[in-house]
Amino acid sequence: MELFQQMAGMGHERVLFCSNPDVNLRAIIAVHSTVLGPGLGGVRMWPYPSMDEALTDVLRLSRGMTYKAAMAGLPQGGGKSVILGDPRKDKTPEMMRAMGRFVNTLGGKYVIAEDSGTSVADMREVAKETKFIGGLADEKSAARGRTGDPSPATAYGVFVGIKSAVKAKLGRDELKGLRVAIQGVGNVGSRVAKHLAEAGARLWITDAHGPTVERCAREVKATAVGMDEIFGLDVDVFAPCALGAILNDRTLPLLKAKVVAGAANNQLAERRHDAALLKRGVLYAPDYVINAGGIIDIYYEGPGYDETKAKAHLDRIGDTLATVFERSAREQRPTGEIADRMAEERFKK
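The model shown is predicted, which means the values in this text are computed figures rather than measured ones.

**Points about the overall build of the protein**
Each helix and strand in the protein was counted, giving 13 helices and 11 strands. A compact globule built from 349 residues should have a C-alpha radius of gyration of about 20 Å, and the protein, at 19 Å, falls within 12% of that. Across its three principal directions, the C-alpha atoms of the protein cover 50 × 45 × 40 Å. When the accessible surface of the protein is summed, it comes to about 15,300 Å², and 50% of that surface belongs to carbon and sulfur atoms. Charge separation in the protein, taken as the distance between the mean sites of 48 positive and 43 negative side-chain charges, equals 3 Å.

**Here's the deal with the nonpolar core**
With 64 residues, the main nonpolar core has V180, I182, L196 and L203 as its most contacted residues. Looking at which element gives the most residues to this core, the answer is helix 6 (residues 151-170), with nine residues. Ignoring any residue separated from it by four or fewer positions in sequence, one finds I182 in contact with G189, A193, L196, L203, W204, I205, T206, I230, A239 and C241. In terms of nonpolar packing, the next biggest core, distinct from the first, is built from 21 residues, M45, I83, M99 and M123 among them.

**Section: the pairing of strand 7 (residues 202-206)**
A large share of strand 7 lies buried, amounting to four of its five residues. Pairing geometry for strand 6 (residues 179-183) and strand 7, over five bridges, is parallel. By the bridge assignment for strand 7, R179 is matched with R202. Handedness of the crossover joining strand 6 and strand 7 through helix 7 (residues 189-198) is recorded here as right-handed. Relative to strand 8 (residues 223-224), strand 7 is paired through two bridges, and the arrangement is parallel. By the bridge assignment for strand 8, I205 is matched with A224.

**Quick look at the side chain of E125**
Within the secondary structure, E125 sits in helix 4 (residues 120-126). Those residues within four positions of E125 in sequence are excluded, and the remaining contacts are P93, M96 and R97.

**Description of unusual backbone geometry**
Non-glycine residue N266 carries a positive phi angle of around 50 degrees. Phi at Q332 takes a positive value of approximately 55 degrees, unusual for a residue other than glycine. As for its position among the elements, Q332 is in the loop between helix 12 (307-331) and helix 13 (335-347).

**Quick word on the packing of helix 12 against helix 13**
Interaxial distance between helix 12 and helix 13 falls to 9 Å at its minimum, and their mutual angle equals 115 degrees. Our pair here, helix 12 against helix 13, has a crossing hand that is right-handed. Between helix 12 and helix 13, the residues in contact are T323, V324, F325, R327, S328 and E331 and T335, I338, A339, R341, M342 and E345, respectively. Among the residues making up the contact of helix 12 with helix 13, the classes are represented as five nonpolar, three polar and four charged.

**A word on the pattern of salt bridges**
Side chains that differ in sign of charge can pair as their charged atoms come close. In total, this model carries 23 salt bridges according to the counting rule given. The salt bridge partner of E331 is R327, with a shortest N-O separation of 3.7 Å. Linking E331 with R327, this pair stays in helix 12, spanning four residues, or about one helical turn. The exposure class of E331 is partly exposed, given its relative accessible area of 29%. On the basis of relative accessible area, R327 is assigned to the buried category, the value being 16%. Among the ionic pairs, R341 bridges to E337, the shortest N-O distance being 3.2 Å. One end of the pair, R341, and the other, E337, are both in helix 13, four residues apart, so they sit about a helical turn from each other. The class of R341 is partly exposed, set by a relative accessible area of 28%.

The rules behind these values
Residues numbered from 1 in each chain as written. Predicted model: local features only at pLDDT ≥ 70, side-chain atom pairs only at ≥ 80, totals over all residues. Heavy atoms only, no water. Helix = DSSP H or I, 4+ residues; strand = E, 2+ residues; numbered from the N terminus. Rg over C-alpha atoms; globule rule 2.2 N^0.38 Å. Areas by Shrake-Rupley, 256 points an atom, 1.4 Å probe, with all protein chains shown as cover. Lys, Arg positive; Asp, Glu negative; His and termini not counted. Charge placed at Lys NZ, Arg CZ, Asp CG, Glu CD. Core = buried A, V, L, I, M, F, W, Y, C linked by side-chain atoms within 4.5 Å. Buried < 20%, exposed > 50% of the residue type's maximum accessible area, 1.4 Å probe, protein only. Contact = heavy atoms within 4.5 Å. Pairing = 2+ DSSP bridges. Right-handed = clockwise from strand over helix to strand, strands pointing away. Axes fitted to C-alpha atoms, helices over the stretch in contact; angles between N-to-C directions. Left-handed = near helix turned anticlockwise from the far one by under 90°. Nonpolar A, V, L, I, M, F, W, Y, C, P; charged D, E, K, R; others polar. Salt bridge = Lys/Arg side-chain N within 4 Å of Asp/Glu carboxyl O.

The following block contains the structure:
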């Protein structure tokens, strides 16, 4: 009964629990909305401490994908899936193929793609069992250097979004000398760091995986700091690019940055933290708006991939955020609330 209440409260259409002990697969697929189109969303693999935590994550992530697609102007709905397990230790090709079979049972209501803990290679295994998969480059695209990895597009969109937020809050068109703290320098975060470094920003970085931090610090000449230290640095921008719920009652009082703009999903632990950021004078770039580059790229992927059109669409992330910021300032309402309202105007018609 509690699950049905959660689904009703968040607006989900369906939740599928997937189990295949033969390949050690335990997974959840959540389809939030198919009003604008199939529920698109990646599959995240993570060693969740409990099924409850995995369920909470997939419900929030799938809801966010609906809002993300709507704000990105795409004819798609929102879905997401999670696999319980350590991607470095537990993942196998057989597990990925089993996941593909479960996706296939939904008949296209859910379109899977890669996400944290999964890769393009994993999606090729999934594709052996289902055609409902997004973002895989075909042979023609591969010949042009396309890999199907949405990380570069996500990172570029975040970079565009950071520029928009910096202009709105700090009145700066140039990023040279801008101080940015990046939490998480994996596939997306490291690319965001490179864009910022090339623009002349000064960087402080952290990540749960030590070797990843060391490599990124060398490549972009960033300063590596501890996981807890990253929140309280005297910087202009805090860029969360790891897991969600990191803006909470403990971390918000530590922030000195005037802008929060990063790639992570579900950055706010609770909806009230949106208003808390506004009260503190911090400009928050709603996560599902700024990190929409990946699904935009997936939408354009395929035989007719047009790089010019795709990049133009990615650049519009900055324009969309500028509209959110302007409405927030005019109405004195939190940016997340404004973005939600704009998205709902599109997918609740």
